[in-house]
Amino acid sequence: VAFLFYLGISFGGISFGTPIDISSNPGIEGLGSFTGSVVYSFVNDTQGQLTIELTNTSSDDSGYITGLAFLFPEDSIDVSSVTSDNTNFTDELEFPVSARPFEDYDSGITTKGSWLGGGTPKTGIAGGDTAKFYFNLTGTGLSSLGATDFASNDNFLAVRFRGFESGAGSDKVTGGG
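The written sequence of each chain sets the order in which its residues are numbered from 1. In keeping with the predicted nature of the model, local features appear solely for residues at pLDDT of at least 70, side-chain atom pairs appear and are counted solely at 80 or more, and the whole-chain, interface and lining totals rest on all residues. To get the side-chain values, all heavy atoms of the structure are used, and hydrogens and water are removed first.

1. Some thoughts on the overall build of the protein chain
Regarding its fold elements, the protein chain presents 2 helices and 12 strands. If you list the helices and strands of the protein chain from N to C, you get α-β-β-β-β-β-β-β-β-β-β-α-β-β. Each residue's exposure class comes from its accessible area (1.4 Å probe, protein chains only) as a fraction of the maximum for that residue type: buried when under 20%, exposed when over 50%, partly exposed otherwise. Counting the 177 residues in the protein chain, one finds 46% classified as buried. The contact definition used throughout considers only heavy atoms, calling two residues in contact when any of these lie within 4.5 Å. Expressed as a percentage of contacts within the protein chain between residues at least 6 apart in sequence, the contacts between residues at least 24 apart total 67%. Taken as a whole, the protein chain presents about 8,200 Å² of accessible surface, with 49% of it coming from carbon and sulfur. Helix numbers and strand numbers start at the N terminus; a helix is a DSSP run of H or I with at least 4 residues, a strand a run of E with at least 2. Note on areas: Shrake-Rupley with a 1.4 Å probe; residue coverage comes only from the protein chains shown.

2. Details of the nonpolar core
Ranked by internal contacts, the top residues of the largest apolar core, which has 33 residues, are Ile52, Leu54, Phe135, Leu137 and Leu157. For this core, the elements supplying multiple residues, two or more each, are strand 2 (34–44), strand 3 (47–56), strand 4 (64–70), strand 5 (77–84), strand 10 (130–139), helix 2 (147–151) and strand 11 (157–164). Each residue touching Phe135, except ones within four places of it in the same chain, is listed here: Gly48, Gln49, Leu50, Ile52, Leu68, Phe70, Val79, Ser81, Val82, Ser107, Gly108 and Ile109. As used here, the term nonpolar core means buried Ala, Val, Leu, Ile, Met, Phe, Trp, Tyr and Cys residues forming a set that is joined through side-chain atoms within 4.5 Å. Counting residues in each nonpolar core, the second largest holds 8 residues, with Ala69, Leu71, Trp115 and Ala158 among its members.

3. Looking at the pattern of salt bridges
For salt bridges, the criterion is a side-chain nitrogen of Lys or Arg within 4 Å of an Asp or Glu carboxyl oxygen. All told, the structure shown has 1 salt bridge when counted by the stated rule. With a shortest N-O distance of 3.8 Å, Lys132 and Glu53 are connected by a salt bridge. Remark: Glu53 occurs in strand 3 and Lys132 occurs in strand 10; sequence separation between them is 79 residues.

4. Examining the sheet that holds strand 6 (residues 91–93)
Here, any two strands with at least 2 DSSP bridges between them count as paired. Taken in spatial order, the 10 strands make up an open sheet running 5-10-3-2-1-12-11-4-9-6, and their pairing is antiparallel. The sheet is open, and its two edges are formed by strand 5 and strand 6, each paired on a single side. Here the average twist between neighbouring strands, direction ignored, is 25 degrees. Strand direction decides the pairing type here: strand 6 and strand 9 (residues 107–110), joined by 3 bridges, are antiparallel. Counted as the bridge partner of Asp91 is Thr110 from strand 9. Here, axes are lines fitted to C-alpha atoms. For helices the fit covers the stretch in contact, and angles between N-to-C directions go from 0 to 180 degrees.

5. Describing the layout of surface pockets
Of the volumes computed, that of the largest pocket is approximately 190 Å³. Both cavities and pockets are sets of points on a 1 Å grid over the protein atoms alone; in a cavity a 1.4 Å probe fits but cannot get out, in a pocket the set is open with protein on both sides within 12 Å along at least five of seven lines, and lining residues sit with an atom within 4 Å of a point. Lining the largest pocket, in full, are Phe72, Glu74, Asp75, Ile77, Asp78, Val79, Glu92, Leu93, Glu94, Phe95, Asp106 and Ser107. Top contributing element to the lining of the largest pocket by residue count: strand 5, with 3 residues. Each residue is assigned to one of three groups, with Ala, Val, Leu, Ile, Met, Phe, Trp, Tyr, Cys and Pro labelled nonpolar, Asp, Glu, Lys and Arg labelled charged, and all others, Gly among them, labelled polar. Grouping the constituent residues of the lining of the largest pocket by class yields 5 nonpolar, 1 polar and 6 charged. Grid points are joined across faces, edges and corners, and a volume is the space filled by probe spheres set on the points.

6. Considering the packing of aromatic side chains
Only the six-membered ring of Trp is used, alongside the rings of Phe and Tyr, when aromatic pairs are assigned; centres must lie within 6.5 Å, and planes under 30 degrees apart are stacked while those over 60 apart are edge-to-face, with the rest tilted. Throughout the structure, instances matching the rule amount to 5 aromatic pairs. Between Tyr40 and Phe150 the ring centres are 5.0 Å apart and the planes differ by 40 degrees, which places this aromatic pair in the tilted class. One end of the pair, Tyr40, is in strand 2; the other, Phe150, is in helix 2, and 110 residues separate them in sequence. For the pair formed by Tyr40 and Phe150, the shared burial category is buried. A ring pair is formed by Phe70 and Phe135, whose centres lie 4.6 Å apart and whose planes are at 75 degrees; its orientation type is edge-to-face. Of this pair, Phe70 sits in strand 4 while Phe135 is found in strand 10, placing the two residues 65 residues apart along the sequence. With respect to burial, Phe70 and Phe135 carry one shared label: buried. Joined through ring pairs, the aromatic side chains of Phe70, Phe72 and Phe135 make up one cluster.

7. Topic: the pairing of strand 12 (residues 169–176)
In terms of burial, strand 12 is largely enclosed, as 7 of its 8 residues are buried. Relative to strand 12, strand 1 (residues 20–24) is paired through 2 bridges, and the arrangement is antiparallel. When the bridges of strand 12 are listed, Ser23 appears paired with Gly176. Inspection of the sheet shows strand 11 paired to strand 12 by 7 bridges, in the antiparallel sense. The residue bridging Ala158 from the neighbouring strand is Thr174, located in strand 12.

Put into structure tokens, the structure is as follows:
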């Protein structure tokens, strides 16, 4: 069963996806960086789950990842709920997510209620730490999608960093597969 799961073979009507590695592009300020993976699985044609795992690989380990936003590969997708294994991420960002200075994104989650936020962060993903985010999706045609449909765009993910340089520095970074 583990072998079938790894290969992404459908089992009992549920598709288990194969992870796609993702990494950051250079950030606006050159401070933040991340690596991670994207897994997509579907229950049926109208329900799926996108799992994004991020590791904060910033060289200045005082910075925290405090938000992320992503693009859907198709317009017919909505997010029904978002959770994380990092309990500091509680605020879902709904369409359109203004991920300035980048374009508007489709969905996201933060520790502070908005993409930009303010002040010195006390929570998030610290340097060297990892967290997973689970986006439960609804829509049409979800059984025809795979992780590469989400992660193939070089800017499908935008990540917000705060707290560099004694709390004053921040960065905004895009990334993809």
